[in-house]
Amino acid sequence: MKFLVLALCIAAASCDLVPLVDDQAILIRSSWDEVKHNEVDILYAIFKANPDIQARFPQFAGKDLDSIKTTGQFAVHAGRIVGVFSEISALQPDESGISAAKTLINALGASHRGRGISKAQFNEFRASLITYLSQNVSWGDNVAQAWEKGFNNVYFILFNAL
């Protein structure tokens, strides 16, 4: 995905992280394309695996996950959460796109810092998304390594904003 490539460029400029190679960026982009429209299923899988994350959302806290999964409110929020990945991936890998990606990732970190979201919960989100991906896309060691590297770089930026 372009957003991971952008984030990697940003991170590489900020530290010693190694950017994704082209093949890894292609693997991430193609696997994301397989599921990017499954917003409800992705958020459901994350909440199912991490009730503590669901509890952080006042509109969903304490509610039966299976009964809220089919609501419009859940679909809209799932679209917002999952849509962040797609929004950043749509940016061009030039100087303005890199700046925009950094701005979006930093804003995400700042807004979640204000809500008291911990690095541990972001890591739970990450693990659940990787599990979802591994079960719903063409997956192998090469794809897993690409996502691991991409997330490491994105989270470097994100965690600096928390």
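Notes on the structure in this doc start here. Values in this document were obtained by computation on a predicted structure and should not be read as measured data.

Considering the pattern of salt bridges
Link 1 in the chain: Under the definition given, this model contains 3 salt bridges.
Link 2 in the chain: One salt bridge connects Asp-41 with Lys-69, and the closest N-O pair in it is separated by 3.4 Å. With Asp-41 in helix α3 (residues 39–49) and Lys-69 in the loop between α5 (65–68) and α6 (72–89), this pair connects stretches of sequence that are 28 residues apart.
Link 3 in the chain: Accessibility expressed as a relative area gives 24% for Lys-69, which makes it partly exposed.
Link 4 in the chain: For Glu-148, the salt bridge identified is with Arg-126, shortest N-O distance 3.2 Å. With a gap of 22 residues between them, Glu-148 in helix α9 (residues 141–161) and Arg-126 in helix α8 (residues 119–136) connect regions that are remote in the sequence.
Link 5 in the chain: With relative accessibility at 11%, the residue Arg-126 sits in the buried group.

Brief notes about the packing of aromatic side chains
What describes a pair of aromatic rings is the distance from one ring centre to the other and the angle between the planes of the rings.
Link 1 in the chain: Overall, the coordinates contain 14 aromatic pairs when judged by the stated rule.
Link 2 in the chain: Summarising the aromatic geometry, the rings of Trp-32 and Trp-147 are spaced 6.3 Å apart at their centres and angled 55 degrees between planes, so their arrangement reads as tilted. Residue Trp-32 is located in helix α2 (residues 22–35), and its partner Trp-147 is located in helix α9; the two are separated by 115 residues in the primary sequence. The same class applies to Trp-32 as to Trp-147, namely buried.
Link 3 in the chain: Centre to centre, the rings of Phe-60 and Phe-74 are 5.4 Å apart; their planes meet at 65 degrees, and the pair counts as edge-to-face. Remark: Phe-74 occurs in helix α6 and Phe-60 occurs in the loop between α4 (51–54) and α5; sequence separation between them is 14 residues.

What counts and how
Residues numbered from 1 in each chain as written. Predicted model: local features only at pLDDT ≥ 70, side-chain atom pairs only at ≥ 80, totals over all residues. Heavy atoms only, no water. Salt bridge = Lys/Arg side-chain N within 4 Å of Asp/Glu carboxyl O. Helix = DSSP H or I, 4+ residues; strand = E, 2+ residues; numbered from the N terminus. Buried < 20%, exposed > 50% of the residue type's maximum accessible area, 1.4 Å probe, protein only. Phe/Tyr/Trp six-rings, centres within 6.5 Å; stacked < 30°, edge-to-face > 60°.

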